[in-house]
Amino acid sequence: MWDDAFPSFLIGLREGLEAGLIVSILVATLVRAEARSRLPQVWTGVLAAVAVAMSFGAVLTFTAASMPQTAQEAFGGTLSVIAVAFVTAMVFWMRRSARNLSGELKEKITGALAMGSGVLILTSFLAVGREGLETALFLWTTAQAAGESAGPLTGAGIGLVLATILCWGLYRRVLKINLTKFFTATGAVLIVIAAGVLGYGLRDLQEGGVLPGRTAYAIDLGGSIDAGSWYSTLVQGVLNLTPTMTWLQVIAYVGYLAVVMTLFVRGVRGTTPKPAEERTETEQQPKAARRRPVWIVPAAVVAVPAVIAGAVVALSRPKPAGDQTVAVSESECGKGFTAPKPGRQTFQMKNTGGKTSEVYLIDPSTSAVYGEIEGLAPGTTRDLVATVAGGTYAWRCVPTGGKAVTSRSVTVTGGGAARPVVPVAEQDLATPLKQYKAYVGQGLDTLVGQTKTLADDIVGDHLDKARTDWLTAHRTYSSLGAAYGTFEDFDKKINGRADGLTDGVHDKGFAGFHRIEYGLWHGQSAKDLTGPAQQLATDVAGLQKAFPSQDFDPGDLPLRAHEILENTLQFELTGDTDEGSGTNLATADANLSGTRELLTVLKPLLTSRAPKVLPTVDADIARVQKLLDAAHDGGHWTPVEQLGAGDRQRLNGATGQLLEDLAPIPDLLEIRKSA
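Residues numbered from 1 in each chain as written. Predicted model: local features only at pLDDT ≥ 70, side-chain atom pairs only at ≥ 80, totals over all residues. Heavy atoms only, no water.

Student: Would you mind showing me how to read the packing of helix α12 (residues 430-459) against helix α13 (residues 463-478) here?
Tutor: Each pair of packed helices can be summarised by the angle the axes make with each other and by the distance between the axes. In the contact formed by α12 and α13, the axes pass within 9 Å of each other and the chain directions differ by 160 degrees. Our classification of the angle between α12 and α13 gives roughly antiparallel. α13 is crossed by α12, and the crossing has left-handed handedness. Between α12 and α13, the contacting residues are G443, L447, Q450, T451, T453, L454, D457 and I458 on the first element and L463, K465, A466, D469, W470, T472, A473, T476 and Y477 on the second. Tallied by class, the residues present in the contact of α12 with α13 amount to 8 nonpolar, 6 polar and 3 charged. (Axes fitted to C-alpha atoms, helices over the stretch in contact; angles between N-to-C directions. Helix = DSSP H or I, 4+ residues; strand = E, 2+ residues; numbered from the N terminus. Parallel < 35°, antiparallel > 145°, perpendicular 65-115°, else oblique. Left-handed = near helix turned anticlockwise from the far one by under 90°. Contact = heavy atoms within 4.5 Å. Nonpolar A, V, L, I, M, F, W, Y, C, P; charged D, E, K, R; others polar.)

Below you can see the structure in the form of structure tokens.
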């Protein structure tokens, strides 16, 4: 969190100090002019500026949340670029104006005193409002980059509190700081941070389809740098530099930094020291009794931007289509459905029938799915959220044990973009399932011979050879990962663990590969291991015979695309399943091969539905494979616990990223009922 907090802390401190100094000068000018009765007008303008800034931040947050994902990327990227422009202008303006800020404000407020209270409120509002809007925009941008982290808000809060304390100290003549040097130093740091924000914003624009070059990577260090390590997190949080960056990001980052920093440094060298008589202008404030302001006008001024912001958010967020109940039953589907407006919509679906039902919002011409609810029970109402664009829509309700019912179609006009999921029927997975079953069948044929060889090694007391052959056979079995759920009780017999057994590794129920592994690497004799080895060979032969008639659910294929490596991260990369051989990474390598084979048979379905998924996943697999390859030399694998801390972090991070990119596959290829 603290790495995400630093940029916001700096902007909160700097902008807070700017605004605080301005307020101090305004107040001091009124006090010196013996116009203390006009102080409420200054505070009214200041509060109005704060309210506008907070309302602006709320509008940015809630209007962006109501947009489709690609529009959010484009919106966030555009505002990031604007924020960089504002921050850059602010840095140069404050460097140039810090010495003369007091004099300029005195002239403005003296003129405002002669023109009336409204002008005085406007003067203080404009003086503080610019900093407030800049702060809101930059904080929103850094918060977007940090995702769900609370760091940006925490850092900004700390910076603003510290700025308030500093301004109070200056006003009370407790502190003396060289403001020119302060704004110069923080300006240089902000330029570096702004360069990272610019790169982040351009990446968002690429993700949103506004700019080209989304996959044109200039830097790809994902395989050698752990994205989850403390140092990587620190660099990403503070500088917005990531292990993978496109050419556009790199060129923009380097170009902005080179040009802006050069101009900034030249400007600093060309400045002259601030005259001594102006250096502590805000320090010479006479103490004055504060007069309680009349809060009616300030409250109204503060409330107006909040109300306007609320109205903007309300108008920008689509009203729930669920104001009218959309009925679901065995005989009718979609009663009360009217054409919604484009954008993100919430539909209230009520099951008025007597059976649990699956509910889909579809394109009736292609059956592509925009949203769904599984298991809507009779008499219940649930929200279905979907993004709607121009096109034709209908509801499809599939009651348990009943026939599908499709509603009348409605047409939506307007722009926007919505990405439906092309439905997958059971027959669509028939060919991939046939191909994968053939792969498993060949693997089991090979495994039968390998386990027989292992048993023969042990019977012949060739335990060194048995250790090598054990790993060969275990890797073959591990590469069949997508079929584990189909193997029924055979998997427990062949690859069961000691976890949960009463006597652990000494329990009579402990059998299969891990039982033999424990014995081979804990000095047990060939006599002790002969029974378990022969039983393993028998169980593998039994699985080979049973597999062709076992029920292999087609829906398991997309699920296993994620689950194989999820188990790898949980068991193999933690060393949890190591019974002495130290070959967990070899098992992880076999699991990766099994995942690669599974993706091969699913490729036609994935390519037609989400063409960008597989290239990303392939790059992730290559990173993980490279890290695993570095962990073995010939037949020797480095045990997990002996990996260096950095190597282990990189492997875990790369596997985690692969899992994240595999996660959409089960949803993309989920079998959806149509009858």
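Student: Honestly, the state of the cysteines in this entry has me stumped. Any pointers?
Tutor: Covalent bonding between the sulfur atoms of two cysteines is what defines a disulfide. Under the criterion given, the structure shown has 1 disulfide. Sulfur-sulfur distance for the disulfide between C333 and C397 comes to 1.8 Å. The sign of the 65 degrees torsion about the S-S bond sets the C333-C397 disulfide as right-handed. Residue C333 is found in strand β4 (residues 333-335), and its partner C397 is found in strand β9 (residues 391-399); the two are separated by 64 residues along the sequence. Here C333 matches C397 in class, with each residue buried. (Disulfide = S-S within 2.5 Å. Buried < 20%, exposed > 50% of the residue type's maximum accessible area, 1.4 Å probe, protein only.)

Student: I keep staring at a nonpolar patch on the surface and nothing clicks. Help me out?
Tutor: A cluster of nonpolar side chains, contributed by V161, L162 and I165, occupies part of the molecular surface with about 250 Å² of accessible area. Using a relative accessible area of 34% as the deciding quantity, one classes L162 as partly exposed. (Patch = residues over 30% accessible without salt bridge, like charges linked within 9 Å, V, L, I, M, F, W, Y side chains within 5 Å. Areas by Shrake-Rupley, 256 points an atom, 1.4 Å probe, with all protein chains shown as cover. Salt bridge = Lys/Arg side-chain N within 4 Å of Asp/Glu carboxyl O.)

Student: Help me understand the packing of aromatic side chains, please; the structure alone is not making it clear to me.
Tutor: One pass over the full model with this rule turns up 12 aromatic pairs. Among the aromatic residues, ring-to-ring pairing joins Y436, Y439, W470, Y477, F487, F513, W521, F547 and F552 into one connected group. Looking at K493, its charged tip hangs above the ring of F490, at a distance of 5.4 Å from the centre. Here the guanidinium or amino end of R497 rests over the ring plane of F571, the centre of that ring lying 4.4 Å away. (Phe/Tyr/Trp six-rings, centres within 6.5 Å; stacked < 30°, edge-to-face > 60°. Lys NZ or Arg CZ within 6 Å of the ring centre and 35° of its normal.)

Student: Hey, could you run me through the nonpolar core in this one?
Tutor: For soluble globular proteins, nonpolar side chains are generally found buried alongside one another. Counting 67 residues, the largest nonpolar core has I458, L585 and L599 as its most contacted members. With 21 residues, the next largest nonpolar core counts V328, L376, A386 and V410 among its residues. (Core = buried A, V, L, I, M, F, W, Y, C linked by side-chain atoms within 4.5 Å.)

Student: Got a minute to help me understand the sheet that holds β4 in this structure?
Tutor: The strands that make up a sheet pair up through hydrogen bonds in the backbone, lying either parallel or antiparallel. Across the sheet, which stays open at both edges, the 4 strands sit in the order β4-β3-β5-β8 with mixed pairing between neighbours. At either end of the open sheet lies a strand with only one pairing partner, and these are β4 and β8 (381-388). Within this sheet the neighbouring strands show an average axis-to-axis angle of 35 degrees, counted without direction. Looking at chain direction, strand β3 (residues 326-328) and β4 are connected through 2 bridges and run antiparallel. Across the sheet, residue A327 finds its bridge partner in β4, namely K335. (Pairing = 2+ DSSP bridges.)

Student: I keep staring at a negative patch on the surface and nothing clicks. Help me out?
Tutor: A contiguous patch of negative charge, built from E426, E488, D489, D551 and D553, is present on the exposed surface. Position of D551 relative to the elements: it lies in the loop between α16 (526-546) and α17 (556-572). (Lys, Arg positive; Asp, Glu negative; His and termini not counted. Charge placed at Lys NZ, Arg CZ, Asp CG, Glu CD.)

Student: Sorry, what's going on with the environment of K355 here?
Tutor: Along the polypeptide, K355 turns up in the loop between β5 (343-351) and β6 (357-363). By relative accessible area, K355 is classed as partly exposed at 36%. When near neighbours in sequence (up to four residues on either side) are disregarded, K355 contacts E330, L376, P378, P399, T400 and G401.

Student: Where do I start with the pattern of salt bridges in this structure?
Tutor: By the definition in use, this model includes 10 salt bridges. Residue R560 pairs with D556 through a salt bridge whose shortest N-O separation is 3.6 Å. On the criterion of helical spacing, the pair formed by R560 and D556 is a turn pair, its members being 4 residues apart in helix α17. On the basis of relative accessibility, which here comes to 13%, the residue R560 falls in the buried class. For D556, a relative accessible area of 14% puts it in the buried group.

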